Structures are given as structure tokens and as C-alpha cells.
Amino acid sequence: MTTLIELPAVSPLAGIQSLELEITGKCQLTCTHCLSESSPQATHGVMTPADWRAVILDAAALGIRTIQLIGGEPTVHPQWRTFADLALTLGLRVEIYSNLFYVREEWWDLFTREGVTLATSYYSDDPEEHDRITGRTGSYVRTRCNIREAINRGVTLRAGIVDILPGQRVTEARAELESMGVQRINTDRVRAVGRAALPGWKPTLDEMCGRCTRGRAAVLPNGDLAGCVLSRDFPAGNVRETRLTELFGGKAWAQLTASIPMPVRNACTPDDSNDCDPASTPSCDPQ
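One structure accompanies this document, and this report is about it. (Residues numbered from 1 in each chain as written. Predicted model: local features only at pLDDT ≥ 70, side-chain atom pairs only at ≥ 80, totals over all residues. Heavy atoms only, no water.)

## Description of unusual backbone geometry
Worth spelling out the cut-off: Only DSSP runs of H or I covering at least 4 residues are called helices, and only runs of E covering at least 2 are called strands; the numbering of each starts at the N terminus.
Following Gly71, the chain continues into Gly72 via a peptide bond in cis, with omega recorded as 25°. Located in the positive-phi region is Glu37, a residue other than glycine, with phi close to 55°. Relative to the helices and strands, Glu37 resides in the loop between strand 1 (18-22) and helix 1 (49-61). Even without being a glycine, Leu100 presents a positive backbone phi close to 55°. Secondary-structure assignment places Leu100 in the loop between strand 3 (93-97) and helix 3 (107-111).

Here it is as C-alpha cells:
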């Protein structure tokens, strides 16, 4: 049983409701479009477990409601369950964004705890196409099996589909997820960040969905504070040098927020349907 730590009721500073914690760059996969360019050879970054615990404590004290553990693949970080447990103890909601390539039996107990949700990425109902995108043979079968297991165990799970390849079986992937019982499915176009960026391409905030800094923020493996994991090239300070409270109230954060084009309300286009994967925060503010 989790013993909650009582914290004073406060309004989230800067309106931040959700904080993405990119706790590692390591991943079993090498997805062609990966925003963090993660791989088995990547590292957990310079943020120590103590640094991440401090960020989680600050998030709770600031009134932030949800943290998302993301990567890379967050479950390859040796302390990921410790981070999740701390957040739950502080009364936060926790989402674990996993590729579901590998799930240990004992992890299911955490995935089914109150306040925990699970999210994953899915690309096609065709195993060859899915594996071509992830760069790992057998990833389709493993992810699909673990999605089924999650649904069978009553885990709250959502899936994000990123449209990457010409003619990709996105519609069929959605239908397959629905047939497995996944109720929350979001789609998004691939964005020119990380491995999806063209040679010589310079990052631009115009590539963002417009929700960065608006209700959300992210902390990267090097400690940088960004508007979201996609806007990683535009940091507004570093949590290893300055506490979250000061960063959110600072000039750099205000300038970053002002520089990001506002989302167009109820004007989602076919290739920018509802969300900014992998975080899948609504980009067009659908009603």
C-alpha cells in the first residue's frame, strides 16, 4: 500500500499540469524517426537518481498533477520504478511510455496500481513494416503480445501511431489496436526532430504542434528544461543548475512560451490529427 505524503494545495506554476521526464536515452530499438536518437548504445545521461528525485519532489510541490516517464525506453533505467513509486507517494499520477518490447512479470503489479497508466507506440498491423520502423526484428510480435497482456490485466493503456512511411498501414494499425481492446489511440505525423531531421536541417519551433510550454514541460537526460520532448533544441535552463520553481518563473521560460506559435483550436489537419507523440498531449485542443 502506498502511503501518501501530504503536500499543501497549490496552483501549478506557469499552468504546467504534466511534466515529461526523459530519464534515459537508452532503448532496445532504433526507430527511424526517434526524436531522442535513442539506441542500445546510448546512455542514461548526466542526471543522477538524486537529480530526478529532486525534480519529482519539486513537481509535486508546484502542484503539477502528472509525470510521464519516457526515454529512450524508461524501463531500462535501473531506478525507474523508484521514481514512479516516489511520484505515487506524493499523490501524482504517473504514465509510463514504454515500447513494450520487454516486460518483466513483476512490473505488471506497478502497471496496475491506482494512479498509473501505460502508453506505447504502434506503427502497423504488418510485422515487417512495424519492425522496419523500429529497427528490431520481432518488435511487432513482442509489443503486440504485451498490449494484449496489458488489456487482459485491466491496465489503463493508450497507443500512439506515428505516420512515417509512404503508404504506411496506419488505418489498419488503428483497427488492430481497437480489436485488441485499446480505446485511446492517437495519430500524428512524423516531425523533423532527432533522426527524422533532414541533413543540414536546423530546428524550428514552427515544427511544433503549439502545445509546448502550454500545460506541459519536459526535463531531458542532461537536465535541460524544454517545452516538451519534441522542442528539445530550445531549452529554458537546466534543473541541475536551477530549481524548477525558478525556471518556470524565469525570463527564458516566458520567452520560449511566447515564441511558440499558438495551436489552432478545433482545426486539426489530416496529418496532424490530434496529438504530439510520443507524449500525445492534445495539440489542437479538441472538445
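## Notes on the pattern of salt bridges
The test is simple: Any Lys or Arg side-chain nitrogen found within 4 Å of a carboxyl oxygen on Asp or Glu counts as a salt bridge. A 1.4 Å probe rolled over the protein chains alone gives each residue an accessible area, and that area as a share of the maximum for its type sets the label: buried under 20%, exposed over 50%, partly exposed in between.
Inspection of every chain in the model, using the stated rule, returns eleven salt bridges. Between Asp85 and Arg113 there is a salt bridge; the shortest N-O distance is 3.1 Å. Taken as a pair, Asp85 in helix 2 (residues 80-89) and Arg113 in the loop between helix 3 and strand 4 (116-121) lie far apart in primary sequence, 28 residues in all. Judged by relative accessible area, Asp85 falls into the partly exposed class, the value being 33%. Exposure remark for Arg113: the relative accessible area of 25% places this residue in the partly exposed category. Across the salt bridge formed by Arg153 and Glu105, the nearest N and O atoms sit 2.8 Å from each other.

## With respect to the packing of helix 5 (residues 139-152) against helix 6 (residues 170-180)
Keep this limit in mind: Note on definitions: angles span 0 to 180 degrees between N-to-C directions of axes, and those axes are lines fitted to C-alpha atoms, for helices only across the stretch in contact. The criterion used for residue contact is that any of the two residues' heavy atoms lie within 4.5 Å. Gly is placed with the polar residues, together with every amino acid not listed as nonpolar (Ala, Val, Leu, Ile, Met, Phe, Trp, Tyr, Cys and Pro) or charged (Asp, Glu, Lys and Arg).
Contact geometry of helix 5 with helix 6 gives a least axis separation of 10 Å together with a crossing angle of 35°. Contact residues: Tyr140, Arg144, Ile147, Arg148 and Ile151 in helix 5; Glu176, Leu177 and Met180 in helix 6. For the contact of helix 5 with helix 6, the per-class residue count stands at five nonpolar, no polar and three charged.

## A few points about the sheet that holds strand 7 (residues 216-219)
Using the following cut-off: DSSP-based pairing: two strands are paired if at least 2 bridges between them are found.
Strand order in this open sheet of eight strands is 6-5-4-3-2-1-7-8, and the pairing throughout is mixed. Whereas interior strands pair on both sides, the edge strands pair on one side only; in this sheet they are strand 6 (184-189) and strand 8 (225-226).

## Quick look at the state of the cysteines
Selection rule: To count as a disulfide, a pair of cysteine sulfur atoms needs to be within 2.5 Å.
Per the counting criterion, the structure on display carries zero disulfides. Left unpaired, Cys27 is separated from the closest cysteine sulfur, that of Cys31, by 6.2 Å. Of the cysteine sulfurs around Cys34, a residue in no disulfide, the closest is that of Cys31, at 6.3 Å. When its relative accessible area of 12% is taken as the criterion, Cys34 is described as buried.

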